[in-house]
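Chain and residue survey
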Amino acid sequence: MSSSSSRRVALMSCGSFSPITNMHLFMFECARNYFTLTQRSLDIVQGFVSPVHDGYGKHGLLPVKHRLAMAKLATASNPWVSVSSWEAEQERWTATPLVLDECERRINSGSDAKQDDQEESEE
């Protein structure tokens, strides 16, 4: 929908993704479809999967490098859902509101919320 009166919105899911599943990605599709049908003033432009830092401490949590790799593979062919590694790359576990604030800051500053993934792939 992309009109000048639309409010651009990004969807983000923070979680363990240990492992990421098709249902995680289906959740994005359901949310986008719901908002498209019920909130015509919104333009869903991007979806982000944000795997939690290893420091979260959940029993059985796979190492973040593996969860990031799986999430990147799972979203590789998706045109609008991608992986943000910012949360996973912090020195310690970060509360979700701070992760959302950082994503919003990156989007509003014109930089890509998944910028760190692009830099990683250039190395």
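Residues numbered from 1 in each chain as written. Predicted model: local features only at pLDDT ≥ 70, side-chain atom pairs only at ≥ 80, totals over all residues. Heavy atoms only, no water.

We now examine the pairing of strand β1 (residues 7-15). In terms of strand pairing, β1 meets strand β2 (residues 42-51) through nine bridges, oriented parallel. Bridge pairing in β2 links Val9 to Ile44. (Pairing = 2+ DSSP bridges. Helix = DSSP H or I, 4+ residues; strand = E, 2+ residues; numbered from the N terminus.)

Tallied over the entire structure, the rule returns three aromatic pairs. Ring plane angle 35° and centroid distance 6.0 Å describe the contact between Tyr56 and Trp93, whose orientation is recorded as tilted. On the criterion of sequence distance, the pair formed by Tyr56 in the loop between β2 and α2 (64-75) and Trp93 in the loop between β3 (81-83) and α3 (96-108) is long-range, its members being 37 residues apart. According to the relative accessible area criterion, Tyr56 is partly exposed, its value standing at 46%. (Phe/Tyr/Trp six-rings, centres within 6.5 Å; stacked < 30°, edge-to-face > 60°. Buried < 20%, exposed > 50% of the residue type's maximum accessible area, 1.4 Å probe, protein only.)

Turning our attention to the environment of Ser85. Within the secondary structure, Ser85 sits in the loop between β3 and α3. According to the relative accessible area criterion, Ser85 is buried, its value standing at 0%. C-alpha separation for the pair Ser85 and Val49, spaced 36 residues apart in sequence, amounts to 8.4 Å.

Quick look at the nonpolar core now. Ranked by internal contacts, the top residues of the largest apolar core, which has 16 residues, are Leu11, Ile20, Phe28, Val49, Trp80 and Val81. Elements that contribute at least two residues to this core include exactly β1, α1 (22-38), β2, α2 and β3. Other than its neighbours up to four places away in sequence, Phe28 contacts Leu11, Met12, Ser13, Gly47, Phe48, Val49, Trp80 and Val81. (Core = buried A, V, L, I, M, F, W, Y, C linked by side-chain atoms within 4.5 Å. Contact = heavy atoms within 4.5 Å.)

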